[in-house]
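Secondary and tertiary structure notes
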Amino acid sequence: MALCKRRSLRVVLGAAALVAAAAATASLWARLQDDGVHDPRSPAMAQLQQPAEALAPLPRDTAGNQVNWVQALDSGAIAPRSTLLDSAPVRTRDDSFLISRFGSMPAVRFPHRQHTLWLDCANCHEALFKSQRGANRYSMSAILEGEQCGVCHGAVAFPLTECNRCHSVSNAQLLRELRGQPR
Ligand code: HEC
Ligand code: HEC
Ligand code: HEC
């Protein structure tokens, strides 16, 4: 009897774990009715696309809203319009910079390409960052307070908990690069 009970307990626990796992997948994106932002009684509710329907097919990420937006663009999974007005110029840049070196963390590589696919130069220059290498002073505590990179990261781009996505260049890699291209 005791054995039997234990086995059924295990079955119940197993089933509970499966239900929890399924719920975790479903709850990656709250339904609009449950997100605390939309009015569930609004007649517009039926016309709005649910986040899960829109986001589930896109390349998955482990942070933020669970979509890797750079991969989503690069893979062609999404192809947003670059401008509202066809006459507006589209400006991109492909260079990237190391903006932190030999600290306690791997160095930070800032890539222009991935940013200018989403943003215009004026989103950053000249108010947020001067467009001149070495002319900016960066600080992780300012970033954590929502300044500099933190204006967007943690708000509209991947969150600051993803340290290694910015701190992506190990000291060994850095030494190799610096030998090739002194700054
Ligand atoms: C959005 C990009 C970004 C993210 C994400 C980020 N950092 Fe930074 N971090 C920077 C930049 C830019 C600097 C450069 C400031 C400087 O030169 O000291 C920096 C500097 C630092 C420094 C001082 C320099 C050093 O290497 O000792 C530390 C420590 C640090 N970050 C820790 C972290 C930790 C821990 C995380 C994750 C919890 C993190 N950072 C996430 C951009 C980022
Ligand atoms: C997301 C923010 C962001 C956007 C958008 C952006 N930049 Fe930058 N840009 C930076 C940062 C950060 C630096 C590094 C400056 C430093 O070393 O402190 C930089 C550096 C530069 C530099 C100096 C390069 C050098 O070698 O000295 C130029 C020029 C520049 N940007 C032009 C542009 C132009 C043109 C665009 C639009 C096509 C653009 N940037 C878009 C953040 C941005
Ligand atoms: C004006 C907004 C803005 C600012 C300021 C900004 N970023 Fe970003 N960043 C973005 C967006 C948007 C993306 C693309 C979406 C995403 O990856 O979440 C991005 C992506 C990135 C990526 C990922 C590239 C990839 O291939 O996945 C890195 C690395 C990065 N940012 C570093 C930085 C650093 C370092 C700073 C500060 C020097 C900074 N960003 C400042 C908006 C910004």
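A few points on the structure. Numbers given to residues run from 1 along each chain, matching the order in which its sequence is written. Chain letters start at A and ligand numbers start at 1, both assigned in the order the entries are written. pLDDT decides what is reported in this predicted model: residues at 70 or higher carry local features, side-chain atom pairs at 80 or more are listed and counted, and totals for whole chains, interfaces and linings draw on all residues regardless. By convention in this description, side-chain values take in all heavy atoms of the structure and omit both hydrogens and water.

Points about the pattern of salt bridges
Here a salt bridge means any side-chain nitrogen of Lys or Arg lying within 4 Å of a carboxyl oxygen belonging to Asp or Glu. If you walk through the whole model with that rule in mind, you get nine salt bridges. Note that Asp 120 and Arg 91 form a salt bridge whose closest N and O atoms lie 3.0 Å from each other. A residue pair is termed long-range when its members are at least 10 positions apart, and Asp 120 in the loop between helix H4 (112-116) and helix H5 (140-144) and Arg 91 in the loop between helix H3 (69-74) and strand E1 (96-100) qualify at 29 residues. Residue Asp 95 is joined to Arg 93 by a salt bridge in which the shortest nitrogen-to-oxygen separation is 2.7 Å. When a residue's accessible area, from a 1.4 Å probe over protein chains only, is under 20% of the maximum for its type it is buried; when over 50% it is exposed; and in between it is partly exposed. The class for Asp 95 is partly exposed, based on a relative accessible area of 25%. Several salt bridges share partner residues, and in doing so they unite Asp 61, Glu 162 and Arg 165 into one network. Helix and strand assignments follow DSSP, with helices taken as H or I runs no shorter than four residues and strands as E runs no shorter than two, numbered in order from the N terminus.

Some details on the site of ligand 3
A cutoff of 4 Å decides nearness: a residue is near a molecule or strand if any of its heavy atoms lies inside that distance of it. Around ligand 3, 20 residues are found, and the nearest of them are His 115, Cys 149, Cys 152, His 153 and Phe 158. As used in this structure description, the phrase polar contact means that two N or O atoms lie within 3.5 Å; if the pair is within protein, one of them must be able to donate a hydrogen and the other to accept it, and residues adjacent in sequence are counted only when both atoms belong to side chains. Between His 115 and ligand 3, the recorded distance is 2.8 Å, taken from a side-chain N or O atom to a nitrogen atom. Cavities and pockets were defined on a 1 Å grid built over protein atoms only: a cavity is a set of grid points that admits a 1.4 Å probe from which the probe cannot escape, a pocket is an open set flanked by protein on both sides within 12 Å along at least five of seven lines, and lining residues are those with an atom within 4 Å of any such point. A molecule is counted as occupying a cavity or pocket when more than half of its atoms fall within 2 Å of that pocket's grid points. When each cavity is represented as a set of grid points, ligand 3 is found to reside in the largest pocket. Mapped by element, the contributors of at least two residues to the shell around ligand 3 are strand E2 (108-111), H4 and helix H6 (163-166). Take the shell around ligand 3: its biggest share by element is three residues, from E2. Residues are grouped as follows: Ala, Val, Leu, Ile, Met, Phe, Trp, Tyr, Cys and Pro are nonpolar; Asp, Glu, Lys and Arg are charged; every other residue, Gly included, is polar. Its residues placed into classes, the shell around ligand 3 shows 15 nonpolar, four polar and one charged.

Quick word on the layout of surface pockets
Grid points are joined across faces, edges and corners, and a volume is the space filled by probe spheres set on the points. One number sums up the size of the largest pocket: a volume of about 1,000 Å³. Lining of the largest pocket is provided by 34 residues; of these, Val 70, His 115, His 153, Ala 157 and Phe 158 occupy positions nearest its centre. Breaking the lining of the largest pocket down by element, the ones donating at least two residues are H3, E2, H4 and H6. Ranked by the residues each element gives to the lining of the largest pocket, the list is headed by E2, at four residues. When the residues that make up the lining of the largest pocket are grouped by side-chain class, the tally is 21 nonpolar, 10 polar and three charged.

Don't take any of this as a statement about function, it's just geometry.
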